[in-house]
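In case you want the letters, here they are:
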Amino acid sequence: HRHLTGIYGLKPWEISFLLDEAEQWVALNRGRTKHDDRLAGLTQINAFFENSTRTLLSFEIAGKRLGADVVNMAVAQSSVKKGETLIDTAVTLNAMRADVIVIRHEASGAVQLIADKVDCPVLNAGDGRHEHPTQALLDALTIRRRKGRIEGLTVAICGDVLHSRVARSNIIALTALGATVRVVGPPTLIPAAIERMGVERFTDFDAGLEGADVVMMLRLQRERMAGGFVPSPREYHALYGLTPERLARAAPDALVMHPGPMNRGVEIASSVADDVERSAITEQVEMGVAVRMACLDVLTRGRRGVEGWA
Ligand code: CP
């Protein structure tokens, strides 16, 4: 079986294949009967060691719409709180014969550690600053549906790039699919040598937005800044907050995106976030369910005796 621990390592056609697969689930989810029971009899365990609204709920909904028996591990009430190690926890889930495990963890690399210990596909629902592959897939699907293509577009990924697994996965996915990617933000919140990922660096927000087709804002991740410099929300908004005036520098039909949860009035002004013409933020959430259905389906094909993508 294969895992989905990151976008890194996926071939461009594999990314496009997952997006193509997700289209059927967008259609199903917009209908009245949101069910296709191809995962009936399989057990899906969601183990989220870090908080989540969108990713946890959409993985749960995705699994249920595909007919799987979905179990959410309540980490706060689990033996993790008694000091059980991550590996012992993984071995325990494996012994219960899970067919697919979805993990979110605050440590980069934790999902790969678990993937190496279990006998079923593991999906990364976000690990530390490393990757959030299903977020990048839902973002790519949102862009492709709104713009009709990804190749040749200029995408500005703006804000706290340093702490963002969303940025990392999106950079890998969007460059693989032929977009020109800019990272835009304060010098302290952009990783050194980010150019090695095939992107352009901008520290001037206005310059980075100039002519962009997609403006992807990132959450200022204050919880990951312990011990380091923490910008004040007011100053951050003044320099790097997306306002209608700033957005006017981007292409006239530029799409505004944010993975959520948003800090309104910090990285994005409410008037921009709620602009139904320009903002794709709720559409991103909708695409999240479809993309996660596609990933659960494709990754469990081997277990179901259906030809997979490996
Ligand atoms: N975008 C995202 O991962 O949101 P949650 O943290 O709410 O899952």
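Keep in mind that this is a model prediction, so the values were computed, not measured. (Residues numbered from 1 in each chain as written. Predicted model: local features only at pLDDT ≥ 70, side-chain atom pairs only at ≥ 80, totals over all residues. Heavy atoms only, no water.)

### A few points about the UniProt feature "binding site: carbamoyl phosphate" (unreviewed entry) in the chain
What counts here: UniProt positions are given in the numbering used here, feature names are shortened, and annotations may be inferred rather than shown by experiment. Secondary structure elements follow DSSP: runs of H or I of four or more residues count as helices, runs of E of two or more count as strands, with numbering from the N terminus. Categorising residues by exposure relies on relative accessible area from a 1.4 Å probe, with only protein chains included: less than 20% of the type maximum marks a residue as buried, more than 50% marks it as exposed, and the intermediate range marks it as partly exposed. Whether two residues are in contact is decided by their heavy atoms, any of which lying within 4.5 Å being enough.
Mapped onto this numbering, the UniProt entry gives "binding site: carbamoyl phosphate" (unreviewed entry) at Arg 54, Thr 55, Arg 104, His 132, Gln 135, Gly 260 and Pro 261. By the element assignment, His 132 lies in the loop between strand E4 (122-127) and helix H5 (133-147). For His 132, a relative accessible area of 3% translates into the label buried. Ignoring any residue separated from it by four or fewer positions in sequence, one finds His 132 in contact with Thr 55, Arg 104, Ala 125, Gly 126, Arg 165, Val 166, Ser 169 and Arg 292.

### Some points on the site of the ligand
Spelled out, the test is: Residues are classed as near a molecule or strand on a simple rule: at least one heavy atom within 4 Å of it. For the purposes of these results, a polar contact is taken to be a pair of N or O atoms within 3.5 Å, where, inside protein, one atom must be able to donate a hydrogen and its partner to accept one; residues adjacent in sequence count only when each atom of the pair is a side-chain atom. Surface accessibility follows the Shrake-Rupley procedure with a 1.4 Å probe radius. Residue values consider only the protein chains on display as shielding.
Around the ligand, the neighbouring residues are Ser 52, Thr 53, Arg 54, Thr 55, Arg 104, His 132, Gln 135, Pro 259 and Gly 260. In this structure, Gln 135 approaches the ligand through a side-chain N or O atom, which is 3.0 Å from a nitrogen atom. At 2.9 Å from a nitrogen atom of the ligand is found a main-chain nitrogen or oxygen belonging to Pro 259. About the coverage of the ligand: the protein hides 92% of its 260 Å² of free accessible area.

### Focus: the pattern of salt bridges
This is how the line gets drawn: Any Lys or Arg side-chain nitrogen found within 4 Å of a carboxyl oxygen on Asp or Glu counts as a salt bridge.
Using the criterion set out here, one finds 22 salt bridges in the structure. Measuring nitrogen to oxygen at the nearest pair gives 3.0 Å for the salt bridge that ties Arg 264 to Asp 274. Placement of Arg 264 in the loop between strand E9 (255-257) and helix H10 (270-273) and of Asp 274 in the loop between H10 and helix H11 (281-299) is noted, with a sequence separation of 10 residues between them. Salt bridges sharing partners connect three or more residues here, namely Glu 21, Asp 36, Arg 38, Asp 297, Arg 301 and Arg 304.

### Overview of the side chain of Arg 65
Basically, it comes down to this: Working convention for charge: Lys and Arg count positive, Asp and Glu count negative, and His plus the chain ends are omitted.
Along the chain, the position of Arg 65 falls in helix H2 (residues 54-65). Buried and without a salt bridge, Arg 65 has Glu 286 as its closest oppositely charged side chain, separated by 8.0 Å. Look past the residues within four positions of Arg 65 in its chain and what remains in contact with it is Asn 29, Lys 34, His 35, Asp 36, Asp 37, Val 289 and Met 293.

### Observations regarding the packing of helix H1 (residues 12-29) against H11
When two helices pack together, you describe them by how their axes are tilted relative to each other and by the distance separating the axes. Basically, it comes down to this: In this analysis, axes come from line fits to C-alpha atoms, helices being fitted only over the stretch in contact, and the angle between any two N-to-C directions falls in the range 0 to 180 degrees. With respect to orientation, any angle under 35 degrees is reported as roughly parallel, any angle over 145 as roughly antiparallel, any angle of 65 to 115 as roughly perpendicular, and every other angle as oblique. Throughout, a crossing is termed right-handed when the near helix is turned clockwise from the far one, and left-handed when it is turned anticlockwise from it by less than a right angle. Residue polarity follows a fixed list, in which Ala, Val, Leu, Ile, Met, Phe, Trp, Tyr, Cys and Pro are nonpolar, Asp, Glu, Lys and Arg are charged, and the others, Gly among them, are polar.
Between H1 and H11, the shortest axis-to-axis distance is 8 Å and the interhelical angle comes to 120°. The orientation of H1 relative to H11 falls into the category oblique. In the packing of H1 onto H11, the handedness of the crossing is right-handed. The residues of H11 that touch H1, namely those facing Phe 17, Leu 18, Glu 21, Ala 22, Trp 25, Val 26, Leu 28 and Asn 29, are Glu 286, Met 287, Val 289, Ala 290, Val 291, Met 293, Ala 294, Asp 297 and Val 298. Classifying every residue of the contact of H1 with H11 by side-chain character gives 13 nonpolar, 1 polar and 3 charged.

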